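# Chain and residue survey
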Amino acid sequence: MLDRVTGMQVFVAAAAHASLSAAARVTGMSPAMATKHVDALEARLGIKLLHRTTRRLTLTGAGADYLAACRRILQELNEAESELAAQRIEAVGRLRLNLPLSFGTRFVAPLLPEFSRRYPQVQVELGLSDAQQDLIHGGWDLAIRIGHLADSALKARRLGDCPMRVCAAPAYLARHGMPRRVAELSGHNCLSYTLSPMQAGGTWAFGTRGEIQVPVQGNLTANNGDALLAAALGGQGVIYQPVFIVADALDKGRLQALELDQPALDLGGLHVLFPRTGACRPRSGR
């Protein structure tokens, strides 16, 4: 008994090329064998699929219906085989990840034990830094970046939004009062993040596009959000940080968000970046 799937493949190729000889070439068999496969299909179904002459080959009405079904079945079969083949690929080698320090420590590092259990032959190298780096020349396989992206040779996929919050400890607000307008921040001890253009240079930016510039001053600046968070928790001053850094402290009441007259910025999103040729470079396992 001839293989039914091969018969479908021959039939689809014959319909596409209007020739059994062409179908034989495409499927890598002799014209006689291709003919036998189509004959076997018609015999099994009890219906004629093709009108055959010495000059050309055309579909019957039933053949057209069967062709659509064959194409769908073969496509589903190919997809199923591709999924199974992908499961047989064993990730091996080094995976270099470049991440913002606070985000990587909070959200990526806790996932690594499970990742290592699933892919025990992958060695992960984390580069944790808030400073901008050349990912291609640095040889990084994957990076996460917060903010608006510049044009580059990297591919990007947006993971989500990254809103900001202005907040301070209740003890600080009890001593210095609750600001209600962004202009009042000039009279408070504002702890700034030095790597952000929205906080550098002695101003904080507000508004949907950062168009409102508010002059601020404070006795601490830092290039890491967790350092500023620790200072704010100690009651040192007001901070303007992404929600992912301050959310836990806000939920527990250790910080209080300020309701101001102008909206805080959204940093432009959270993105994963990788080279256009692919992120990691796995090798097929046995």
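Small disclaimer: the values here were computed from a predicted structure and weren't measured.

Looking only at helices and strands, the chain features 9 helices and 14 strands. Taken over the C-alpha trace, the chain has a radius of gyration of 31 Å; the compact-globule value for 286 residues is 19 Å, which it surpasses by more than 25%. Its C-alpha atoms put the chain at 95 × 40 × 35 Å along the principal axes. In the chain, buried positions account for 38% of the 286 residues. Taken as a whole, the chain presents about 16,300 Å² of accessible surface, with 53% of it coming from carbon and sulfur.

A separate point is the sheet that holds strand β5 (residues 142-146). One open sheet accounts for 5 strands, arranged β4-β3-β5-β14-β6; its pairing is mixed. In this open sheet, the two strands that pair with only one neighbour each are β4 (122-128) and β6 (154-160). The average angle at which neighbouring strand axes cross in this sheet is 20°, direction not considered. Looking at chain direction, β5 and strand β14 (residues 270-275) are connected through 4 bridges and run antiparallel. Each residue of the ladder has a partner; that of Ile146, found in β14, is Leu270.

On to the pairing of β5, then. Where strand β3 (residues 93-99) lies against β5, 2 bridges are found, and the strand directions are parallel. For Asn98, the partnering residue across the bridge sits in β5 and is Ala143.

Below, the discussion takes up the packing of aromatic side chains. Counted by the stated rule, this structure contains 7 aromatic pairs. Ring geometry for Phe115 and Tyr119: centres 5.0 Å apart, planes at 45°, overall tilted. For Phe115, a relative accessible area of 25% gives the class partly exposed. Connected via pairs of aromatic rings, a cluster forms that spans Phe103, Phe107 and Phe244. Between the NZ or CZ atom of Arg96 and the centre of the ring of Trp140, over which it lies, the distance is 3.9 Å.

Of all hydrophobic cores here, the largest spans 43 residues; its most connected members are Val166, Leu185, Trp204, Phe206, Val238, Ile239 and Leu255. Setting aside chain neighbours within four positions, we find Val238 in contact with Val166, Cys167, Ala168, Tyr172, Leu185, His188, Asn189, Cys190, Leu191, Trp204 and Leu258. The next biggest cluster of nonpolar side chains, apart from the first, holds 20 residues, and it includes Ala14, Ala23, Ala24 and Tyr66.

Overall, mixed pairing links the 5 strands, which are arranged β11-β8-β12-β7-β13 in an open sheet. Lying at the two open borders of the sheet, with one neighbouring strand each, are β11 (221-222) and β13 (256-257). One ladder, built from 2 bridges, connects strand β7 (residues 164-168) with β13; its direction is antiparallel. What sits directly across from Cys167, in β13, is Ala257. Each of β8 (190-193), β11 and β12 (238-242) is contacted by helix α8 (residues 225-233), which is oriented at about 170° to β8, the strand it contacts most.

Looking at helix α9 (residues 243-251), one finds that the buried residues are Phe244, Ile245, Val246 and Ala249. Lining the buried residues of α9 we find α5 (101-108), β5, β7, α8 and β12. Downstream of α9 by a residue or two, Gly253 has a phi angle that is positive, lying close to 80°.

We now examine unusual backbone geometry. Look at Ala18: it is not a glycine, yet its phi comes out positive at around 55°. Its location among the elements puts Ala18 in the loop between α1 (4-17) and α2 (20-27).

Within this structure, the stated rule accounts for 10 salt bridges. One salt bridge connects Asp161 with Arg158, and the closest N-O pair in it is separated by 2.6 Å. Note that Glu184 and Arg181 form a salt bridge whose closest N and O atoms lie 3.4 Å from each other. Residue classification places Glu184 among the partly exposed residues on the basis of a relative accessible area of 28%. Its relative accessible area of 43% is what places Arg181 among the partly exposed residues.

Scored by pLDDT, the chain comes out at a mean of 87, with 92% of its residues at no less than 70. The spread of mean pLDDT over the elements of the chain runs between β6, the lowest at 82, and helix α7 (residues 170-176), the highest at 97. Under a pLDDT of 50 for its full length, residues 278-286 has, in the predicted model, 15 contacts with residues more than four places off or in other chains.

Taking 1.5 Å of rise per residue, 15 residues should cover 21 Å, and helix α3 (residues 31-45) covers 21 Å from first to last C-alpha, within 8% of that figure. All buried positions along α3 are accounted for by Ala34, His37, Val38, Leu41 and Glu42. One side of α3 holds all its buried residues, which, seen down the axis, span an arc of 130°. In the segment just after α3, Gly46 is the residue with positive phi, at about 70°.

Thresholds, definitions, all that
Residues numbered from 1 in each chain as written. Predicted model: local features only at pLDDT ≥ 70, side-chain atom pairs only at ≥ 80, totals over all residues. Heavy atoms only, no water. Helix = DSSP H or I, 4+ residues; strand = E, 2+ residues; numbered from the N terminus. Rg over C-alpha atoms; globule rule 2.2 N^0.38 Å. Buried < 20%, exposed > 50% of the residue type's maximum accessible area, 1.4 Å probe, protein only. Areas by Shrake-Rupley, 256 points an atom, 1.4 Å probe, with all protein chains shown as cover. Pairing = 2+ DSSP bridges. Axes fitted to C-alpha atoms, helices over the stretch in contact; angles between N-to-C directions. Phe/Tyr/Trp six-rings, centres within 6.5 Å; stacked < 30°, edge-to-face > 60°. Lys NZ or Arg CZ within 6 Å of the ring centre and 35° of its normal. Core = buried A, V, L, I, M, F, W, Y, C linked by side-chain atoms within 4.5 Å. Contact = heavy atoms within 4.5 Å. Salt bridge = Lys/Arg side-chain N within 4 Å of Asp/Glu carboxyl O. pLDDT = per-residue confidence, 0-100. Expected span 1.5 Å × (residues − 1). Arc of directions from axis to C-beta.

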